[in-house]
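Here are the chains, one letter per residue:
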Amino acid sequence: MPLLQPCRMVRHITDLPPSFFEENGYRAVILDVDNTLTTHGNPVPAEGVAEWVEAVKRTGVQVAILSNNTRKRVEPFAKKLGLDFVSMAGKPLSFGVTRACKRYGLYPGQVALIGDQIFTDILSGNVKGVCTILVEPYELEKGWFFRLKRRLERPVIRRFRKRKGEKQ
Ligand SMILES: [Mg+2]
């Protein structure tokens, strides 16, 4: 699996059936926050997210948050959803993913990671060998650095679509 290619792509996390993880042998799912569970910096989870998290938990799968944002941003958000969290995760470095695996006593193959950015979320998960799922950002960011990153993501997404299309 090339390091920038996600295993799977969906529009929003709520498009994944909550039973997906349990049915595919994953024991934990690690979630990015900004633009994965809500818009950037928004303290309120997007529509259906809290219910989706609860439904995943009910299948017996662990759910946790792994964000590059600060504790100040991540802690209240994680509390709202009743989730463990790692803030300042330093993605694309994978120490946060390693920590999450250790916390639950799981191998990377038993863990799924969901995020909206290829060069942070997907890369950090692929380096570690977890199942990576890319979502579309809720809202495109405005800063030049983000715009550049989104631009660089486009060929990777095109390649993903082509790869999946060829398989079908
Ligand atoms: Mg994000």
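Structure shown above.
No experiment lies behind these values; they were computed from the predicted model shown. (Residues numbered from 1 in each chain as written. Predicted model: local features only at pLDDT ≥ 70, side-chain atom pairs only at ≥ 80, totals over all residues. Heavy atoms only, no water.)

What to know about helix α5 (residues 118-128)
So, point 1. Taking burial as the measure, the 11 residues of α5 include 8 buried ones, the bulk of the element.
So, point 2. The set of residues buried in α5 consists of Ile-118, Thr-120, Asp-121, Ile-122, Leu-123, Ser-124, Gly-125 and Asn-126.
So, point 3. Positive backbone phi, at 90°, marks Gly-129, one or two positions downstream of α5. (Buried < 20%, exposed > 50% of the residue type's maximum accessible area, 1.4 Å probe, protein only. Helix = DSSP H or I, 4+ residues; strand = E, 2+ residues; numbered from the N terminus.)

Overview of the sheet that holds strand β4 (residues 84-86)
So, point 1. A sheet is described by the order of its strands in space; here 6 strands give the open sequence β1-β6-β5-β2-β3-β4, paired in parallel fashion. Edge strands, defined here as strands with exactly one partner in the open sheet, are β1 (8-10) and β4. On average, adjacent strands in this sheet sit at an angle of 25° to one another, irrespective of strand direction.
So, point 2. Bridge analysis of strand β2 (residues 28-31) against strand β5 (residues 111-115) gives 4 bridges, and the strand direction is parallel. Residue pairing across strands places Ile-30 opposite Leu-113, the latter belonging to β5.
So, point 3. In the packing of α5 onto the sheet, contacts are made with β5 and β6 (131-135), and the angle to β6 comes to roughly 165°. (Pairing = 2+ DSSP bridges. Axes fitted to C-alpha atoms, helices over the stretch in contact; angles between N-to-C directions. Contact = heavy atoms within 4.5 Å.)

Quick notes on the coordination of the magnesium ion
Ideal geometry at a metal centre: 109.5 degrees between donors when four sit tetrahedrally, and 90 or 180 degrees when six sit octahedrally.
So, point 1. On the protein side, the magnesium ion has Asp-32 (OD), Asp-34 (O) and Asp-116 (OD) as donor atoms, found 2.1 to 2.2 Å from it.
So, point 2. Mapped onto the polypeptide sequence, the residues donating to the magnesium ion form the spacing pattern D-x1-D-x81-D. Of this pair, Asp-32 sits in the loop between β2 and α2 (49-58) while Asp-116 sits in the loop between β5 and α5, placing them 84 residues apart in sequence.
So, point 3. According to the relative accessible area criterion, Asp-32 is buried, its value standing at 8%. (Donors = N, O, S within 2.8 Å, 3.2 Å for Na, K, Ca; no water.)

Side note on the pattern of salt bridges
So, point 1. For the structure shown, the criterion picks out 10 salt bridges.
So, point 2. Linked through salt bridges whose partners overlap, the residues forming this network are Asp-116, Glu-141, Arg-150 and Glu-153. (Salt bridge = Lys/Arg side-chain N within 4 Å of Asp/Glu carboxyl O.)

That is the geometry; function is a separate question.
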